[in-house]
Amino acid sequence: MVLSLGLITIVAGTLLALVYNTTKEPIDQAKLEKQTQAISEVAPEFNNQPTTEEVKFVIDGDTVNVYPAKKDGQLVGAAVKSWTKKAFSGSFSVMYGFDTDGNVTGYAVLAHEETPGLGAKMDIWFKDPVNTERSVIGLNPDVNNMTVSKDGGEVDAITAATISSRAFLDALSRAHNAFKQYKEQN
């Protein structure tokens, strides 16, 4: 009995390792493509390769990645990959775009575990062109109070998902701080 269970465990472990090694590279490639697409969506128009100029900063003990967007060698803004652990269902990561003045030019949610129909609405909620009181596009964290209106801020939270909204704005704050540090150093 022990021998057969041991043999089954060895075979199952070997198969699991084989599947992991087979799928690791395509999964990593898909993540890189999603990240590259997000940079193109959120950053101002650029003609450099931001992923090759990536700079990492530690903000509040966590790493935030800045991808500078340049046009003909001049900085026009950046895409910043940020994340937070303050979400309702754990953590999520978002790619934010900034122009050189620090205004938000866009964002793309890269990964989240928020409740479908509630916190998961962040994909579109904060860039709604009709309901501008909830949109962060065009706002600058140095000028605008980038907290939810329930906390005295300028941004309307997702209905029934205030925790997720606070987390989204926390990640935005980290991204903006990293972008400011990048600009100070360059």
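Values in this document were obtained by computation on a predicted structure and should not be read as measured data. (Residues numbered from 1 in each chain as written. Predicted model: local features only at pLDDT ≥ 70, side-chain atom pairs only at ≥ 80, totals over all residues. Heavy atoms only, no water.)

Asks: Would you mind going over the nonpolar core with me for this structure?
Replies: The nonpolar side chains of a soluble globular protein tend to be buried with one another. In this structure, V80, Y96, F126, V136 and F168 are the most contacted members of the largest nonpolar core, which totals 32 residues. At the level of secondary structure, the elements contributing two or more residues to this core comprise β1 (55-59), β2 (62-71), β3 (74-87), β4 (90-99), β5 (104-111), α2 (122-125) and α3 (162-185). Ranked by the residues each element gives to this core, the list is headed by α3, at nine residues. Among all residues touching F126, those that are not within four sequence positions of it are Y107, R134, S135, V136, I137, V155, D156, I158, S165 and F168. Core analysis: the next-biggest nonpolar cluster, separate from the first, contains 10 residues, A38, I39, Y67 and M95 among them. (Core = buried A, V, L, I, M, F, W, Y, C linked by side-chain atoms within 4.5 Å. Buried < 20%, exposed > 50% of the residue type's maximum accessible area, 1.4 Å probe, protein only. Helix = DSSP H or I, 4+ residues; strand = E, 2+ residues; numbered from the N terminus. Contact = heavy atoms within 4.5 Å.)

Asks: Explain the pattern of salt bridges here, please?
Replies: Evaluated as defined, the whole model comprises seven salt bridges. Of the charged contacts, one joins D28 and K24 as a salt bridge, the two residues approaching to 3.0 Å between their closest N and O atoms. Taken together, the residues D28 and K24, both in helix α1 (residues 2-42) and four residues apart, mark about one turn of the helix. Salt-bridge contacts for D151 lead to R166; the nearest nitrogen and oxygen are separated by 2.8 Å. (Salt bridge = Lys/Arg side-chain N within 4 Å of Asp/Glu carboxyl O.)

Asks: Where do I start with the environment of G106 in this structure?
Replies: Along the chain, G106 turns up in strand β5. Spatially, the C-alpha atoms of G106 and T51 are 18 Å apart, while their sequence positions differ by 55 residues. When residues no more than four places from it in sequence are discounted, the contact partners of G106 are V42, M95, Y96, G97 and I137.

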